[in-house]
Amino acid sequence: MEYNDFEGSEKEIILQVEDISFSYDSVSRKSVILQNVNLAAYASEICAIVGPSGCGKTTLIKLAISLLPLSVGSIKLFGLDAGDPLIGIPGPNVGYMPQEDALPSDLRVRDSLYFFGLLNNMSIGDIRKRIDEVLEQVDLVESSQQFIFQLSGGMKRRLSLAISLLHSPQLLILDEPTVGCDPLLRTRIWKVLKDMSRQNGTCILITTHYYEECREADSVNFIREKNFVLQASPKQVLSTTGAENLDEAFFRICIDDNVYGLFNQPEQISVDENFSTSETSSNRTINNLSSKQLNHFKITLILILRYVHAFVFDFNNFQIVISTPTIVLIMAHICTTFRIVEAPVGIVIENQTLFHDQSLLNELNIDPKCYECLHPRHFIDHMNKDVFQAISYEDLSTAMEDLRAVKLSGVVHIGDQFSDYYIYRVATHWAELPEEAVRNTRITFYGDASKEVVFKTLQTYLLDAYTKFWKASKANLGLKNTSLYPFEYGDPVSGPEKDEASDKSYYTDVGQLLLGIILPSITLSSFSMLREMRDQTMKRCLSTGVEAHHLFIAQLVTNFVFLGLSSIGGMFTIIYLLDLPLRVSLFSAIILILGQNLIGIVMGQMIAVILMSEVATLILSLSSSYFLCGVSGFVITLETQPYYLQTFQNLSPFTIPAMGIRNALLKGLTLTNIVLMEGLLISIVYFILFSYITLSTLRKRIT
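Described below are features of the structure shown in this document. The structure displayed is predicted, hence computed values, not measured ones. (Residues numbered from 1 in each chain as written. Predicted model: local features only at pLDDT ≥ 70, side-chain atom pairs only at ≥ 80, totals over all residues. Heavy atoms only, no water.)

### Notes on the pattern of salt bridges
- If you walk through the whole model with that rule in mind, you get 17 salt bridges.
- A salt bridge links Arg-158 to Asp-139; its shortest N-O distance comes to 3.9 Å. Highlighted residues: Arg-158 in helix α4 (residues 153-165) and Asp-139 in the loop between α3 (124-137) and α4, separated in sequence by 19 residues.
- Overall, Asp-139 belongs to the partly exposed group, its relative accessible area being 49%.
- Overlapping salt bridges, with partners in common, bring together Asp-106, Arg-306, Arg-531 and Glu-532 in one network. (Salt bridge = Lys/Arg side-chain N within 4 Å of Asp/Glu carboxyl O. Helix = DSSP H or I, 4+ residues; strand = E, 2+ residues; numbered from the N terminus. Buried < 20%, exposed > 50% of the residue type's maximum accessible area, 1.4 Å probe, protein only.)

Set out below in structure tokens:
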């Protein structure tokens, strides 16, 4: 970098503050922080603002660079009114070091410098060159590859200063840069500042409550009782007070009214007449600065690149966000599918002899193709071997004892007269059956109803086996119509076939997919926003021209990309790994899924900016996720929920969209269907509402 020697050249006023007053309660004016304040800061000068904590030093510098709105008085920067776009402040033409560290803890030292260099519109080549220089200046070369959260407090202060120095601004504002630093580090920082002001012509405005270190400044401005008590050089302060050091001088000013009166006179607050405020010098500076302003798109893009970089290079986060939803979906499918694997079931067939009544066969005009195939043991052959582990028993009492001892999941009992009446029952079409035929052709199942899922699943599969046995018997006897069932099940209009085992988890699989979209979207986006706010990185970013909508959009886009990939991965899991049939176009399915993802992200951001508390955000994001997913019918159908939840169902941003997604995936409805269109419209309305609340709150939080 080329240094300009400003010694002996004409200096100009960089910052000029005239009669400003400020109150955080602009209506009642009860909390007045500053009143009728005047200040001038010049090029090639270090201007120190000193005073006790809470006297308004930080408020003054925020007003100076338009981070707080000014209502009374005027502020000029480089000869133009503050806020003029030509100034580039807030923007790349000011270096601002806030009182807090305000550093992105998820980045490495060197990466953070790249990030702020890009925000200050520096080229990659200039950034690389300046990084090495500023790291050398603040003695952080050996720590350049460490993550910021690994640094000590002093190292963070040095990095914070390095970021402010990186783009060599014409105006450098440092809010208590030496707080928490040891004397050696404070001396080093002041040396860097003096070299920069002399060699680059930089105007440096520094606030501090370490009075003695102001000896190195060109001018000292002591603020007391909402205004400046004195504005003079360190030598003038010492000579007027007769003190040996500045600590003693300011102590005398505070406690001795006579000394205070020496400085509380208008003629004592002087400005060096050698400094020029000519229009020519100001315009010269403005012409050099005007080309540095970044547009909104570039600022947002830089923020997105920063979040993507931090996310991708944190491999643990990458694994969790991308892979966990898919793993959860697979485990949920395995655990909630109504398929029992090799459940031990006792089989009791009391009469092993096949009844053969030829006269009955002749009377019914039946000639069985395989008389042996009518034996009840063939009913066991039709039982699903994956579900049942059939164990033969000699008598019912023994089997029932094992069932009570939890050795069995159930007992199937076939009476001793089953074969006597089975043919008669199957062959008699709509005839009145004797009571004994009805009673003795039943197959009785005794199960453990305390295990509801197992009990109902075994019942379902036993009915399926009985149906197959009956169909085989009907074909064997050459019959078309029988009296076994007074009605038959028709094929469903939509949805799965009755006899497909995997289809019993259709509803649950889609619900788990939706839950896997909403829950991570709300929780992860809320913590992503909260971490940005808690790091207070935005306090530094605001001075570079970043605004609330830049942060909101960057967070939204980054979370949408990674959480969207996770959601799409979950959708492919249930379609291609868990065999959920896709009855709608893949494009339509992705659009519907990503729409819900977007709503969850914005809702999470809203929760974070409103609560601003890690514990409260965690509790509310998780509880709201489960509550909304519950009342929206993700896992439990809407029809089975109590009436008093209907209000919440109607107000939930996910109820109608979830119905649309389920209908699209399982019934093949297109995006032109009224249910899906309602879902998309509701999603848009809630997106606009949540975005408005988030942006409004965010603007208040970051100022």
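### Thoughts on helix α24 (residues 655-667)
- For α24, with 13 residues, the first-to-last C-alpha span of 17 Å sits near the 18 Å given by 1.5 Å per residue.
- Among the 13 residues that make up α24, 10 are buried, leaving the element largely enclosed by the rest of the structure.
- Every buried residue belonging to α24 is among Thr-655, Pro-657, Ala-658, Gly-660, Ile-661, Arg-662, Asn-663, Ala-664, Leu-665 and Leu-666, and all of these are buried.
- Positive phi shows up at Gly-668, right after α24, with a value of about 80°. (Expected span 1.5 Å × (residues − 1).)

### Side note on the sheet that holds strand β14 (residues 443-447)
- Sheet architecture is open: 4 strands sit in the order β12-β11-β13-β14, paired in mixed fashion. Taken across any chain shown, the strands that pair with only one partner, and hence form the sheet edges, are β12 (388-393) and β14. Taken pair by pair, the neighbouring strands of this sheet meet at an average axis angle of 25°, ignoring direction.
- Where strand β11 (residues 343-349) lies against strand β13 (residues 410-414), 5 bridges are found, and the strand directions are parallel. Bridge pairing links Val-348 to His-413 in β13.
- Packed on one face of the sheet, helix α17 (residues 452-477) meets β11, β12, β13 and β14 and runs near 165° to β14. (Pairing = 2+ DSSP bridges. Axes fitted to C-alpha atoms, helices over the stretch in contact; angles between N-to-C directions. Contact = heavy atoms within 4.5 Å.)

### Thoughts on the pairing of strand β10 (residues 227-232)
- With 5 of 6 residues buried, β10 is to be regarded as a mostly interior element.
- Turn length for the strand β9 (residues 219-224)-β10 hairpin, with the two strands adjacent in sequence and antiparallel, is 2 residues, and the turn residue Glu-225 shows positive phi of about 55°.

### What to know about unusual backbone geometry
- With an omega of 0°, the peptide bond between Ile-89 and Pro-90 qualifies as cis.
- Here Pro-90 lies in the loop between β5 (80-81) and β6 (94-97).
- Despite not being glycine, Ser-44 shows a phi value in the positive range, around 65°.
- You can see Ser-44 is positioned in the loop between β2 (32-42) and β3 (46-50).

### Details of the environment of Gln-536
- Within the fold, Gln-536 resides in the loop between α18 (506-535) and α19 (537-541).
- Spatially, the C-alpha atom of Gln-536 lies 9.5 Å from that of Pro-98, the residues being 438 residues apart in sequence.
- What Gln-536 contacts, discounting residues up to four positions off in sequence, is Glu-100 and Ala-102.

### With respect to the sheet that holds strand β1 (residues 13-23)
- With respect to topology, 4 strands assemble into an open sheet ordered β2-β1-β4-β5, the strand pairing being antiparallel. Whereas interior strands pair on both sides, the edge strands pair on one side only; in this sheet they are β2 and β5.
- As paired strands, strand β4 (residues 72-77) and β5 are joined by 2 bridges and run antiparallel to one another. Looking at the pairing, Lys-76 lines up with Asp-81 of β5.
- The strands that helix α1 (residues 57-64) touches are β1, β2 and β4; relative to β2, the one it contacts most, it runs at about 60°.

### Some remarks on the packing of helix α6 (residues 234-241) against helix α7 (residues 246-255)
- Packing of α6 against α7 brings their axes to within 10 Å, and their N-to-C directions diverge by 60°. Here α6 lies oblique to α7, going by the angle between them. Here α6 and α7 pass one another in a crossing that is left-handed. Between α6 and α7, the contacting residues are Pro-234, Val-237, Leu-238 and Thr-241 on the first element and Leu-246, Ala-249, Arg-252 and Ile-253 on the second. (Parallel < 35°, antiparallel > 145°, perpendicular 65-115°, else oblique. Left-handed = near helix turned anticlockwise from the far one by under 90°.)

### Points about empty space enclosed by the protein
- Here the structure, examined in full by the defined rule, presents 5 cavities of 30 Å³ or more.
- Its boundaries defined by the atoms lining it, the largest cavity holds a volume of some 80 Å³.
- Lining of the largest cavity is provided by Ile-591, Leu-592, Gly-595, Gln-596, Pro-657, Gly-660, Ile-661, Val-675, Leu-676, Gly-679, Leu-680 and Ser-683.
- Residue assignment for the lining of the largest cavity shows that the elements contributing at least two residues are α21 (586-611), α24 and α25 (674-702).
- Looking at the lining of the largest cavity, the element that brings in the most residues is α25, giving 5 residues.
- Of the residues contributing to the lining of the largest cavity, the split by class is 7 nonpolar, 5 polar and no charged. (1 Å grid on protein atoms, 1.4 Å probe; cavity = no way out; pocket = protein on both sides within 12 Å on 5 of 7 lines; lining within 4 Å. Points joined across faces, edges and corners; volume = space filled by probe spheres on them. Nonpolar A, V, L, I, M, F, W, Y, C, P; charged D, E, K, R; others polar.)

Function-wise, these values are silent; they only describe arrangement.
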